[in-house]
Amino acid sequence: MIVFFLPTADIISTVDFNHDGELLATGDKGGRVVIFQREDLFDQQQQQQARGEYNVYSTFQSHEPEFDYLKSLEIEEKINKIKWLPRHNNAHFLLSTNDKTIKLWKVSERDRRWTGFNLKDDDGLIRENNSIQSLRIPHSTPMELMVEASPRRIFANAHTYHINSISVNSDVETYISADDLRINLWHLGITDQSFNIVDIKPANMEELTEVITAAEFHPKQCNLFVYSSSKGTIRLCDMRAAALCDQHAKIFEEPEDPSNRSFFSEIISSISDVKFSHSGRYLISRDYLSVKVWDLHMDSTPVETFQVHEYLRSKLCSLYENDCIFDKFECVWNGNDSAIMTGSYNNFFRMFDRTSKRDLTLEASKENMKPLQVLKPRKVCTGTKRKKDEMSVDSLDFNRKILHTAWHPKENIIAVAATNNLYIFQEKPPS
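Residues numbered from 1 in each chain as written. Predicted model: local features only at pLDDT ≥ 70, side-chain atom pairs only at ≥ 80, totals over all residues. Heavy atoms only, no water.

Caption draft 1: A look at the overall build of the protein chain. Across its full length, the protein chain carries 2 helices and 32 strands. Relative to the globule expectation of 22 Å for 431 residues, the C-alpha radius of gyration of the protein chain, 24 Å, shows essentially globular dimensions. Along the first, second and third principal axes, the C-alpha set of the protein chain runs to 90 × 60 × 40 Å. Within the protein chain, the fraction of its 431 residues that count as buried is 47%. A separation of at least 24 residues holds for 52% of the contacts in the protein chain among residues at least 6 apart in sequence. When the accessible surface of the protein chain is split by element, carbon and sulfur atoms take 49% of a total near 22900 Å². Averaging the locations of the 52 positively and 62 negatively charged side chains of the protein chain gives two centres separated by 4 Å. (Helix = DSSP H or I, 4+ residues; strand = E, 2+ residues; numbered from the N terminus. Rg over C-alpha atoms; globule rule 2.2 N^0.38 Å. Buried < 20%, exposed > 50% of the residue type's maximum accessible area, 1.4 Å probe, protein only. Contact = heavy atoms within 4.5 Å. Areas by Shrake-Rupley, 256 points an atom, 1.4 Å probe, with all protein chains shown as cover. Lys, Arg positive; Asp, Glu negative; His and termini not counted. Charge placed at Lys NZ, Arg CZ, Asp CG, Glu CD.)

Caption draft 2: View of the pattern of salt bridges. On inspection of all chains with the given rule, the structure shows 20 salt bridges. Between Lys292 and Asp287 there is a salt bridge, and its shortest N-O distance comes to 2.7 Å. The exposure class assigned to Lys292 is buried, which follows from its relative accessible area of 11%. Between Arg313 and Glu310 there is a salt bridge whose closest N-O contact spans 2.5 Å. Arg313 gets classed as partly exposed once you look at its relative accessible area, which sits at 29%. (Salt bridge = Lys/Arg side-chain N within 4 Å of Asp/Glu carboxyl O.)

Caption draft 3: Spotlight on the sheet that holds strand S11 (residues 139–155). Strand order across the open sheet formed by 4 strands is S8-S9-S10-S11, with antiparallel pairing between neighbours. Looking at the sheet topology across the chains shown, the edges are occupied by strand S8 (81–84) and S11. Here the average twist between neighbouring strands, direction ignored, is 25°. Two elements, strand S10 (residues 102–115) and S11, share 13 bridges in a ladder whose sense is antiparallel. Considered in S11, the bridge of Leu104 is made with Arg153. (Pairing = 2+ DSSP bridges. Axes fitted to C-alpha atoms, helices over the stretch in contact; angles between N-to-C directions.)

Caption draft 4: Representation of the pairing of strand S13 (residues 174–178) within the structure. When you tally the buried positions in S13, you get 5 out of 5 residues, the bulk of the element. Every second residue of S13 is oriented toward a common face, with Thr174, Ile176 and Ala178 on one face and Tyr175 and Ser177 on the other, all of them buried. Alignment of strand S12 (residues 165–168) against S13, held across 4 bridges, turns out to be antiparallel. Its bridge partner lying in S13, Ser165 is registered against Ala178. Once S12 ends, the chain turns through 5 residues before running back antiparallel as S13, passing Val172 with a positive phi of about 55°. By the bridge criterion, 5 bridges tie S13 to strand S14 (residues 182–187) in an arrangement that is antiparallel. Across the sheet, residue Ser177 finds its bridge partner in S14, namely Asn184. Counting the residues that bridge the hairpin from S13 to S14 gives 3 residues.

Caption draft 5: Representation of the packing of aromatic side chains. Inspection of the entire model under this criterion finds 19 aromatic pairs. Here the aromatic rings of Phe60 and Trp105 are separated by 4.6 Å at their centres, their planes lie at 40°, and the arrangement is tilted. Of this pair, Phe60 sits in strand S5 (residues 48–61) while Trp105 is found in strand S10, placing the two residues 45 residues apart along the sequence. Residue Phe60 shares its accessibility class with Trp105, and that shared class is buried. Aromatic side chains Phe329 and Tyr345 sit 5.3 Å apart centroid to centroid with 90° between the ring planes, which places their arrangement in the edge-to-face category. In this pair, Phe329 is assigned in the loop between helix H2 (316–321) and strand S24 (331–333) and Tyr345 in the loop between strand S25 (339–343) and strand S26 (348–353), connecting sequence segments 16 residues apart. Taken individually, Phe329 and Tyr345 each receive the classification buried, so the pair is uniform in this respect. (Phe/Tyr/Trp six-rings, centres within 6.5 Å; stacked < 30°, edge-to-face > 60°.)

Caption draft 6: A look at the pairing of strand S15 (residues 194–199). Sheet topology note: the S14/S15 ladder contains 5 bridges and is antiparallel. Within S15, the residue paired with Asn184 across the bridge is Asn196. Following S14, the chain reverses through 6 residues before pairing antiparallel with S15.

Caption draft 7: Representation of the side chain of His404 within the structure. Examined against the element boundaries, His404 turns out to sit in strand S30 (residues 402–407). Engagement of the side chain of His404 in a polar contact is seen with the backbone oxygen of Ser13, the distance being 3.2 Å. Among all residues touching His404, those that are not within four sequence positions of it are Ile12, Ser13, Thr14, Val15, Glu330, Ala415, Val416 and Ala417. (Polar contact = N/O pair within 3.5 Å; in protein donor to acceptor, adjacent residues only side chain to side chain.)

Caption draft 8: View of the side chain of Ser290. Its location among the elements puts Ser290 in strand S22 (residues 290–295). Overall, Ser290 belongs to the buried group, its relative accessible area being 5%. Leaving out residues up to four positions away in the same chain, Ser290 has contacts with Ser285, Thr305, Phe306, Gln307 and Val308.

Caption draft 9: Quick peek at the environment of Pro409. Inspection of the secondary structure puts Pro409 in the loop between S30 and strand S31 (413–418). Taking C-alpha positions, Pro409 is 7.6 Å from Phe17, a pair spaced 392 residues apart along the chain. With sequence-adjacent residues up to four places away left out, Pro409 is seen in contact with Phe17, Asn18, His19, Asp20, Gly21 and Gly335.

Caption draft 10: View of the nonpolar core. Core analysis: the biggest nonpolar cluster contains 19 residues, and Tyr288, Leu312, Leu319 and Leu396 have the highest contact counts within it. With 15 residues, the next largest nonpolar core counts Val332, Met351, Ala364 and Trp407 among its residues. (Core = buried A, V, L, I, M, F, W, Y, C linked by side-chain atoms within 4.5 Å.)

Caption draft 11: Geometry of the sheet that holds S24. Read across the open sheet, the 4 strands follow the order S24-S25-S26-S27; overall the sheet is antiparallel. Lying at the two open borders of the sheet, with one neighbouring strand each, are S24 and strand S27 (359–363). Between one strand axis and the next, the sheet turns through 20° on average, direction left out of account. In terms of strand pairing, S26 meets S27 through 5 bridges, oriented antiparallel. Paired with Arg350 across the bridge in S27 is Thr361.

The analysis is restricted to geometry; functional conclusions fall outside its scope.
Laid out in structure tokens, this is it:
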């Protein structure tokens, strides 16, 4: 287990592994992107390559604070989402976005430099013509490894409202960006034009009943995408049907249980995140109290429902007063779609095994910093009597919360962002 302590002001706002899991990117409220790379180590006992820790690979300022003079509005530099593009050459590419502007970044290595120019000396200064006595052939010489991050495209001025999602298509030519009321389709090579494919803005804003909370492309079929709403619905859209996808192909919605109906029902049913499984057959959605698994072939009800922190149902009034009820938790699949992970309060994160139906509550804390230390499962009790290892629901710290998580696409390695600390846990190696 590795833990990185970051400055207090730099609260982590997004986490994402690249497609082979060798790189892990985080974005923060200060507009910075920090990329961690997994080191290769040599195991002397086994005499073979061993998997090492993640260390800082590159850090760069992705976004700066801006001001919209037409609307007298400050635009935060906070990174809302990062998405990696599949790698096709020695360089890495990723998309990062704040509330208004999306940028395509190229991250590349340079370990050689060119020297021996005729018109310039080794310091880059222009040589005088009379000092050139012979013709030289430039050649490359080794230099200290340098990792460079450069913006290749800037996609701006397409969203009136705050961007909450970006998702790269499986064709690796297009991507979507979603705000509260619209979803736009972009081509990665065109910055000054996008196509509006979903628009739920009513003619009269007083009639607004729901907003878009998340959107994602299907991992294998480039014509399909889903978006979730604050009303607890997920809509599957097919871009082959029409240019404007206002008419969905399927809608996934669970009927409300009348026995659980309360003042907070609409708030806690709002979906904060939706993700396709790697196979493309299933969806997971996260609302305030649970994670649901949906089969694309059955839209009437979820095939699996996992309670994340049902013990908070009795605390909804106080959670409403301190605004925690509006927290947006993310959810992720493991590499083979057999397990799900999501965050909770008190720096707890929950893991659910779909096969055995077992669930696990673990805590990301500074007390678990020892190398190879095994995390102990945590339990929360709601009654007055509690066992030695249990924690009372009244003693939970709602300021310590895990909203952003990521799972390695091939191995049991997870990244957990706990406010301004990044924790990386891996499965216990066999003894």
